[in-house]
Structure formats: C-alpha cells, structure tokens
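A look at the structure
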Amino acid sequence: QVQLVESGGGLVQPGGSLRLSCAASGFTFRNYVMSWYRQAPGKERELVATISSTGGSTNYPDSVKGRFTISRDNAQNTVYLQMNSLKPEDTAVYYCRGRNVWGQGTLVTVSS
C-alpha cells in the first residue's frame, strides 16, 4: 500500500522556522520525484517545492525561493521541507506528493 505521512506542522510566529517531514512507504522511494504543495483557505493548491529522485535538482516558485529548502533521505524514505523566514501568507495545509499519491497534509499556521 502506497502511503505518504506528513508531520512537523504547527503554530509559528512570523520570521520563525519549521521543518516538515514526509515518510513514504509502499513504493521504491528513490526512483521518484517528490514534491510539496500547500493549500490556504479559499485558495487552490499550489506547488512549493520539487526534488529529483537523486536529490540533485530542486525547484521552487518565486513565492518561497530563498526561504524554503526541500531535501530527501533515500535511505530513510523521507522528504523534508525546511521553511525559514515564515510569513502569515505561508499559512496553509502542506501536502507531500509522490508517485501520484497525496499525503493527508499537515497544518502550518504563521501568526503572532
């Protein structure tokens, strides 16, 4: 059974940091591109980071470039999203995606 389980969300003040994790199981993780998406209330889901199967290539939209970093550990079947300098507009449910499967999401709230 293919499964993605996110963790690490929570409440953080503006300017703070969080690291999200996504544990994968049920497929050969090292063979797949992995991505993080987010969906804010009332908005469409948007891509925030992508990483190649080897981890050698990453891509970000301008809205998070320089603040967010995606990484992966193929030995641990886990992909991470390090989020720094968080802003209130980063508040959203964050989802991991790979092999055409979505995780259940983890809520990130940026507020003072």
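Residues numbered from 1 in each chain as written. Predicted model: local features only at pLDDT ≥ 70, side-chain atom pairs only at ≥ 80, totals over all residues. Heavy atoms only, no water.

Under the definition given, this model contains four salt bridges. Its salt-bridge partner being Asp-90, residue Arg-38 comes within 2.9 Å of it at the nearest N-O pair. Taken together, the residues Arg-38 in strand 4 (residues 34-39) and Asp-90 in the loop between strand 8 (78-83) and strand 9 (92-98) connect sequence positions 52 residues apart. Here Arg-38 and Asp-90 have matching classes, each one buried. Between Asp-90 and Arg-67 there is a salt bridge whose closest N-O contact spans 2.7 Å. Residue Asp-90 is located in the loop between strand 8 and strand 9, and its partner Arg-67 is located in the loop between strand 6 (58-59) and strand 7 (68-73); the two are separated by 23 residues in the primary sequence. Accessibility classification places Asp-90 together with Arg-67 in one group, the buried group. (Salt bridge = Lys/Arg side-chain N within 4 Å of Asp/Glu carboxyl O. Helix = DSSP H or I, 4+ residues; strand = E, 2+ residues; numbered from the N terminus. Buried < 20%, exposed > 50% of the residue type's maximum accessible area, 1.4 Å probe, protein only.)

This brings us to the sheet that holds strand 1 (residues 3-7). The sheet built from four strands is open, its strands ordered 1-3-8-7 with antiparallel pairing. If you trace the sheet from one side to the other, it starts and ends with strand 1 and strand 7, each paired once. Neighbour-to-neighbour, the strand axes of the sheet open up by a mean angle of 15°, direction not taken into account. Inspection of the sheet shows strand 7 paired to strand 8 by six bridges, in the antiparallel sense. When the bridges of strand 8 are listed, Arg-72 appears paired with Val-79. (Pairing = 2+ DSSP bridges. Axes fitted to C-alpha atoms, helices over the stretch in contact; angles between N-to-C directions.)

Once that is clear, we can look at the environment of Asn-100. Of note, Asn-100 is situated in the loop between strand 9 and strand 10 (101-102). Only 3.3 Å separates the side chain of Asn-100 from the side chain of Arg-97, close enough to count as a polar contact. (Polar contact = N/O pair within 3.5 Å; in protein donor to acceptor, adjacent residues only side chain to side chain.)

Here the focus is the pairing of strand 3 (residues 18-25). For strand 1 and strand 3, the ladder comprises five bridges, and the chain directions are antiparallel. Bridging from a neighbouring strand, Leu-4 pairs with Ala-24 of strand 3. In this sheet, strand 8 lies alongside strand 3 in antiparallel orientation, the contact comprising six bridges. Directly across from Leu-18, in strand 8, lies its bridge partner Met-83.

Looking now at the state of the cysteines. A full pass over the atoms with the stated rule returns one disulfide. There is a disulfide in this structure between Cys-22 and Cys-96, and the S-S distance comes to 2.1 Å. When the S-S torsion is -75°, as for the bridge of Cys-22 with Cys-96, the disulfide is left-handed. Linking Cys-22 in strand 3 with Cys-96 in strand 9, this pair joins segments that are 74 residues apart in sequence. Both residues of the pair, Cys-22 and Cys-96, belong to the buried class. (Disulfide = S-S within 2.5 Å.)

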